[in-house]
Amino acid sequence: MRSARGSAAVRPTTESQLAGLAHLQRIAGEQSTRAMSQVVPSMPITIPFERVHDAVPEPDMARGDGRHRVGGARRPDQARLAPGQERDGELARWHAERRAGPAFVTALIWMAAVAVWGLYHAWQFLEVSEGEREPFAWAYDVVFVLLAWQMIAACLERPIRGRRGTGRMMTAVVLPVFNEDPDLLARCLDSLLSQSRLPDLVLVTDDGSAVDYSRVRAEFEAAAMAAGVAASWERFSVNRGKRDAQAAAFRGAPQADVYITVDSDTILDYRAIAEGMKPFADPRVQSVAGLLLVANHHRSLFTRATELWYVTSQLADRSAQSTFGSVLVNAGTFALYRAEVVRASLDAYVSETFFGRAVQFSDDSMLTFYALLAGKTVQQPTAIGFTAMPETLSHHVRQYLRWMRGMTIRTFWRFRYLPLTRYAYWLHLFRWVQAFTTIPLFFAIMVVEPATRGTWSPRILLVMVLVGYAKSLRYLTIRRYDEPRWSQLLTWLLAPLVALWQYTVLRGIWWCGIATCWRTGWGTRQHGVEVALEPA
């Protein structure tokens with residue numbers, strides 16, 4: 001694999017890019033065949049299955065064209081479970097909605113704030129040009145422009161409502177398991193079998209866990225049979241890695257039209273699959289990212305801050321990308337992919353190497369990358385799941401470090417293969433330029449200016465507070481039904497602390513991930529369960 005710097009010298013054509021990718025896939029396929037032939041049977045085990053009935057039958061097309069209402073007020077688009085399929089008391093609390101009213105109010109507030117702040121900074125920039133203001137005032141203008149562009153694009157994202165043709169698509173849930181809390185895994189499986197749109201097949205792969213799942217497996221297989229959902233449970237004798245676990249499931253469902261990747265620590269809202277399938281009404285859409293909330297957010301102040309940071313990143317960064325059909329990374333926790341895209345790239349997917357080292361993490365960004373090459377990648381903010389996040393600082397650091405190493409590795413692929421005509425290419429390039437300029441800028445404002453001028457303006461902290469609250473404002477458009485509204489407001493008030501954490505600690509981990517990107521170990525769950533579901 002060539003570096004981004006090397007590939008920028010002579011820009012290949014689109015045809016040569018696709019040919020190069022095919023060549024890499026052939027090489028990867030040969031490597032994969034040699035490596036997997038020792039541990040995987042030459043013929044995959046295929047589970048035959050037929051399309052099952054949804055808990056709530058839905059028409060192929062809702063009113064309107066999928067984005068705009070027809071006539072008067074649009075009826076509430078909320079599926080309800082059929083009699084006998086209601087969730088029990090514990091599972092019923094894992095439910096959330098994206099409210100259109102708060103979203104509209106948020107957009108109005110943002111437009112007003114952008115207008116006021118824009119006029120102020122335009123005037124400030126004129127004063128700087130005349131030498132009447134401090135020399136670093138231009139930095140605030142840059143921050144304003146970047147933030148305004150991102151948030152306006154994010155506010156333009158709208159959930160897809162149409163579902164033409166998606167009701168006939170066959171779905172297969174791919175669920176790798178490794179050292180997961182049994183109660184959390186059981187709740188995850190329960191949520192799959194109580195969807196308003198049931199999956200056709202659920203394939204579980206135990207990747208050599210040190211945990212006994214015999215009880216969970218027996219209960220799941222009995223429940224799947226009762227629900228009419230085909231199920232498969234395979235166990236590896238040794239840990240092979242998440243990608244190999246997923247690949248075994250992908251190969252076990254060659255009839256599927258859509259693969260749904262779900263992590264074993266995720267509990268899906270009962271409408272998650274039905275909502276996640278809707279964007280596939282557009283044949284150009286190749287992958288759909290779900291919206292993830294933090295299941296264990298109430299454990300501590302730390303997990304509440306994690307919830308705000310995690311959800312805000314999706315509703316700000318990813319929503320802005322989705323507006324242009326260029327989501328760079330789906331959360332592997334819950335995402336949907338057209339099956340032909342995954343099958344076409346499967347050999348390269350399981351055998352990716354980086355400087356001779358096998359890469360098992362960054363699975364979600366790799367699958368999203370393949371989908372992005374094939375067409376549009378979007379987010380569906382009404383397809384909601386709840387995932388368990390780290391509860392200790394050590395776990396949080398190790399997880400984020402793995403994410404940043406994966407992001408660095410994926411950079412080479414994006415610069416090499418994304419066409420220059422795609423918004424995703426320029427978005428990715430701009431993010432790296434931004435990363436390499438914000439650090440010296442932050443150092444200049446926080447250190448150089450106070451040292452040279454002998455003063456330090458508290459306006460810097462004010463800007464940080466305002467930016468934190470502004471970006472996280474979209475968090476309030478999500479209504480969680482497992483906590484009162486005032487509790488969500490308390491979480492939102494942590495925005496300045498979250499912003500400070502991002503600017504300092506997480507940015508430091510990000511640079512550490514770049515410097516150590518050749519270390520491709522997973523880093524978490526290696527010694528057993530790290531996050532457990534609290535007793536009901």
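Structural data are supplied above this passage.
Every value quoted in this text rests on a predicted model; they were computed, and no experiment measured them. (Residues numbered from 1 in each chain as written. Predicted model: local features only at pLDDT ≥ 70, side-chain atom pairs only at ≥ 80, totals over all residues. Heavy atoms only, no water.)

Chemist: What should I look at first to understand the overall build of the protein in this one?
Modeler: The number of helices and strands found in the protein is 18 helices and twelve strands. When burial is assessed residue by residue, the protein has 54% of its 536 residues classed as buried. Counted over contacts in the protein with a minimum sequence separation of 6, partners at least 24 positions apart contribute 86%. Surface exposure of the protein reaches about 23,600 Å², of which carbon and sulfur atoms provide 63%. (Helix = DSSP H or I, 4+ residues; strand = E, 2+ residues; numbered from the N terminus. Buried < 20%, exposed > 50% of the residue type's maximum accessible area, 1.4 Å probe, protein only. Contact = heavy atoms within 4.5 Å. Areas by Shrake-Rupley, 256 points an atom, 1.4 Å probe, with all protein chains shown as cover.)

Chemist: Whenever I open this one, the environment of Val-467 confuses me. Can you help?
Modeler: You can see Val-467 is positioned in helix H16 (residues 459–471). Looking at Val-467, the relative accessible area reads 5%, which means it is buried. Placed 28 residues apart in sequence, Val-467 and Ala-495 show a C-alpha to C-alpha distance of 8.8 Å.

Chemist: Hey, could you run me through the pairing of strand S4 (residues 230–235) in this one?
Modeler: Side-chain direction in a regular strand flips from residue to residue, so the side chains alternate between the two faces of the sheet. Strand direction decides the pairing type here: strand S3 (residues 201–206) and S4, joined by six bridges, are parallel. In the strand pairing of S4, Leu-203 is matched with Ser-232. For the crossover from S3 across helix H7 (residues 214–227) to S4, the handedness is right-handed. (Pairing = 2+ DSSP bridges. Right-handed = clockwise from strand over helix to strand, strands pointing away.)

Chemist: Which parts of the structure should I look at to understand the nonpolar core?
Modeler: Looking at soluble globular proteins, one finds that nonpolar side chains tend to be buried together. Counting residues in hydrophobic clusters, the biggest one holds 106 residues, and the most contacted among them are Leu-175, Leu-189, Tyr-259, Val-262 and Phe-334. A total of seven residues in this core trace back to one element, the largest contributor, which is helix H14 (residues 393–417). Those residues in contact with Val-262, other than ones at most four positions away along the chain, are Val-173, Val-174, Leu-175, Pro-176, Cys-188, Leu-192, Leu-268, Gly-332, Thr-333 and Phe-334. Phe-354, Val-359, Phe-412 and Cys-517 belong to the second largest nonpolar core, which has six residues in total. (Core = buried A, V, L, I, M, F, W, Y, C linked by side-chain atoms within 4.5 Å.)

Chemist: Looking at this model, I keep getting lost on the side chain of Ser-326. Mind explaining?
Modeler: Residue placement: Ser-326 occurs in the loop between helix H10 (301–323) and strand S8 (334–338). The residues touching Ser-326, leaving out its near neighbours within four places in the chain, are Gln-321, Leu-372, Thr-377, Arg-422, Tyr-423, Ala-424 and Leu-427.

Chemist: How should I be thinking about the packing of helix H13 (residues 363–374) against H14 in this particular structure?
Modeler: Each packed pair of helices is defined by two parameters, the angle between the axes and the distance between the axes. Remark: H13 packs on H14, axes separated minimally by 11 Å, with the N-to-C direction vectors making an angle of 10°. Taken together, H13 and H14 sit at an angle that is classed as roughly parallel. Taking contact as the criterion, the partners of Ser-365, Met-366, Phe-369 and Leu-373 in H13 are, on H14, Arg-410, Trp-413, Arg-414 and Tyr-417. Partitioned by chemical class, the residues of the contact of H13 with H14 number five nonpolar, one polar and two charged. (Axes fitted to C-alpha atoms, helices over the stretch in contact; angles between N-to-C directions. Parallel < 35°, antiparallel > 145°, perpendicular 65-115°, else oblique. Nonpolar A, V, L, I, M, F, W, Y, C, P; charged D, E, K, R; others polar.)

Chemist: Honestly, unusual backbone geometry in this entry has me stumped. Any pointers?
Modeler: One can expect most non-glycine residues to show negative phi and most peptide bonds to be in trans. Located in the positive-phi region is Asn-179, a residue other than glycine, with phi close to 50°. Mapped onto the secondary structure, Asn-179 falls in the loop between strand S2 (171–177) and helix H6 (182–192). A positive phi angle, close to 50°, is found at Phe-355, a residue other than glycine. Assessed through its relative accessible area of 71%, Phe-355 is described here as exposed.

Chemist: Got a minute to help me understand the environment of Ala-331 in this structure?
Modeler: For Ala-331, the position within the fold is in the loop between H10 and S8. Exposure remark for Ala-331: the relative accessible area of 6% places this residue in the buried category. The spatial distance from the C-alpha of Ala-331 to the C-alpha of Ser-362 is 9.9 Å, given a sequence separation of 31 residues. Apart from the residues lying within four places of it in its own chain, the contact partners of Ala-331 are Leu-292, Tyr-310, Arg-318 and Asp-364.

Chemist: Would you mind going over the pattern of salt bridges with me for this structure?
Modeler: Pairing is possible between side chains that carry opposite charge, provided their charged atoms lie close to one another. On inspection of all chains with the given rule, the structure shows 21 salt bridges. The salt bridge partner of Asp-206 is Arg-235, with a shortest N-O separation of 2.8 Å. You can see Asp-206 sitting in strand S3 and its partner Arg-235 sitting in strand S4, a full 29 residues away along the chain. Asp-206 gets classed as buried once you look at its relative accessible area, which sits at 3%. Judged by relative accessible area, which is 45%, Arg-235 ranks as partly exposed. Two residues, Asp-263 and Lys-242, come together in a salt bridge whose shortest N-O distance is 3.0 Å. Separated by 21 residues along the polypeptide, Asp-263 in the loop between strand S5 (258–262) and strand S6 (266–268) and Lys-242 in helix H8 (residues 242–251) bring together distant segments of the chain. You'll find Asp-263 and Lys-242 in the same group, each marked buried. Connected through salt bridges with shared partners, the residues Arg-304, Glu-307, Arg-480, Asp-482 and Glu-483 form a single ionic network. (Salt bridge = Lys/Arg side-chain N within 4 Å of Asp/Glu carboxyl O.)

Chemist: Looking at this structure, I do not really get the packing of aromatic side chains. What am I missing?
Modeler: For any two aromatic rings, the description comes down to two numbers: the centre-to-centre distance and the angle of the planes. Tallied over the entire structure, the rule returns 21 aromatic pairs. Measuring from centroid to centroid gives 6.3 Å for Trp-309 and Trp-403, while their planes differ by 25°, and the two rings are stacked. Pair noted here: Trp-309 is in helix H10 and Trp-403 is in helix H14, with a separation of 94 residues, a long-range link. On the basis of relative accessibility, which here comes to 12%, the residue Trp-309 falls in the buried class. Members of the aromatic cluster, each reached through a chain of ring pairs, are Trp-309, Tyr-310, Tyr-400 and Trp-403. Between the NZ or CZ atom of Arg-416 and the centre of the ring of Tyr-417, over which it lies, the distance is 5.1 Å. A cation over an aromatic ring shows up here: Arg-479 above the ring of Tyr-481, its NZ or CZ 5.2 Å from the ring centre. (Phe/Tyr/Trp six-rings, centres within 6.5 Å; stacked < 30°, edge-to-face > 60°. Lys NZ or Arg CZ within 6 Å of the ring centre and 35° of its normal.)

Chemist: I keep staring at the pairing of strand S11 (residues 376–387) and nothing clicks. Help me out?
Modeler: Taking burial as the measure, the twelve residues of S11 include eleven buried ones, the bulk of the element. Note: S6 against S11, three bridges, orientation antiparallel. Pairing of Thr-266 across the sheet is with Thr-387, part of S11. The pairing of strand S7 (residues 285–294) with S11 spans eight bridges and is parallel. Along S11, the bridge assignment pairs Val-285 with Lys-376.

Chemist: For this particular structure, what's the right way to read the packing of H14 against helix H18 (residues 495–515)?
Modeler: At a minimum axis separation of 8 Å, H14 and H18 run at an interaxial angle of 55°. One finds that H14 runs oblique with respect to H18. The handedness of the crossing between H14 and H18 is right-handed. In contact with Leu-393, His-396, Val-397, Tyr-400, Leu-401, Met-404, Arg-405, Met-407 and Thr-408 of H14, H18 contributes Trp-501, Leu-506, Ile-509, Trp-510, Cys-512, Gly-513 and Ile-514. Per-class residue counts for the contact of H14 with H18 are twelve nonpolar, three polar and one charged. (Left-handed = near helix turned anticlockwise from the far one by under 90°.)

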